Amino acid sequence: RGRDALVYFAYPSLAPEFHHAYAQTHALVAEFMEDSNLLVGMLNVELNDVPPPYNNWAQTPNVMLYLANRKENPRFIPLRTAPGETMTGES
């Protein structure tokens, strides 16, 4: 509970090329942050249920930052597919 968490909500079949590329980047972030206070994880939303309120943000691939001791107020990080565009419809 006292650690920050960076979670990739993955939809591998929705955007397979993007997922493959981003999953590799996410794994590198996890490796680089291994000795830090940041927990880096990935959740395959196609194979797992996401409980409320977290499922509100898990409609498309996205990354959420859950700050330690403030997990109820996660930070949404939109995924960019091109400059100025996002996969999640946010801008």
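Quantities reported herein were computed from a predicted structural model and do not represent experimental measurements.

### Some words on the overall build of the protein
Item 1. Looking only at helices and strands, the protein has one helix and six strands in total.
Item 2. For the protein, the N- to C-terminal ordering of α and β elements is β-α-β-β-β-β-β.
Item 3. Relative to its full complement of 91 residues, the protein shows a buried share of 33%.
Item 4. Of the contacts made within the protein by residues no fewer than 6 positions apart, 63% connect residues no fewer than 24 positions apart.
Item 5. When the accessible surface of the protein is split by element, carbon and sulfur atoms take 54% of a total near 5,900 Å².

### Quick notes on the sheet that holds strand 2 (residues 38-44)
The pairing of strands in a sheet comes from backbone hydrogen bonds and takes either a parallel or an antiparallel form.
Item 1. In space, the four strands of this open sheet follow the order 2-1-3-4, with mixed pairing throughout. Taken across any chain shown, the strands that pair with only one partner, and hence form the sheet edges, are strand 2 and strand 4 (75-77). Along the sheet, successive strands turn relative to each other by an average axial angle of 20°, direction set aside.
Item 2. Bridging between strand 1 (residues 4-10) and strand 2 involves seven bridges; their strand directions are parallel. Bridge pairing links Tyr8 to Met42 in strand 2.
Item 3. In this fold helix 1 (residues 16-32) packs onto strand 1, strand 2 and strand 3 (62-66), with an angle of close to 165° to the strand it touches most, strand 1.

### Considerations on the confidence of the model for the protein
Item 1. With 80% of its residues at a pLDDT of at least 70, the protein reaches an overall mean of 82.
Item 2. Confidence, expressed as mean pLDDT per element, reaches its minimum in the protein at strand 6 (residues 85-86) with 64 and its maximum at strand 2 with 92.

### Quick word on unusual backbone geometry
Item 1. Unlike most non-glycine residues, Asn69 shows phi in positive territory, near 65°.
Item 2. If you trace the backbone, Asn69 turns up in the loop between strand 3 and strand 4.

### With respect to the pairing of strand 1
Item 1. Most of strand 1 is tucked away, with six of its seven residues classed as buried.
Item 2. Handedness of the β-α-β unit built from strand 1, helix 1 and strand 2 comes out right-handed.

### Quick notes on the environment of Ala15
Item 1. Tracing the backbone through its elements, the reader meets Ala15 in the loop between strand 1 and helix 1.
Item 2. As a C-alpha pair, Ala15 and Pro61 span 46 residues in sequence and 8.3 Å in three-dimensional space.

Conventions adopted
- Residues numbered from 1 in each chain as written.
- Predicted model: local features only at pLDDT ≥ 70, side-chain atom pairs only at ≥ 80, totals over all residues.
- Heavy atoms only, no water.
- Helix = DSSP H or I, 4+ residues; strand = E, 2+ residues; numbered from the N terminus.
- Buried < 20%, exposed > 50% of the residue type's maximum accessible area, 1.4 Å probe, protein only.
- Contact = heavy atoms within 4.5 Å.
- Areas by Shrake-Rupley, 256 points an atom, 1.4 Å probe, with all protein chains shown as cover.
- Pairing = 2+ DSSP bridges.
- Axes fitted to C-alpha atoms, helices over the stretch in contact; angles between N-to-C directions.
- pLDDT = per-residue confidence, 0-100.
- Right-handed = clockwise from strand over helix to strand, strands pointing away.

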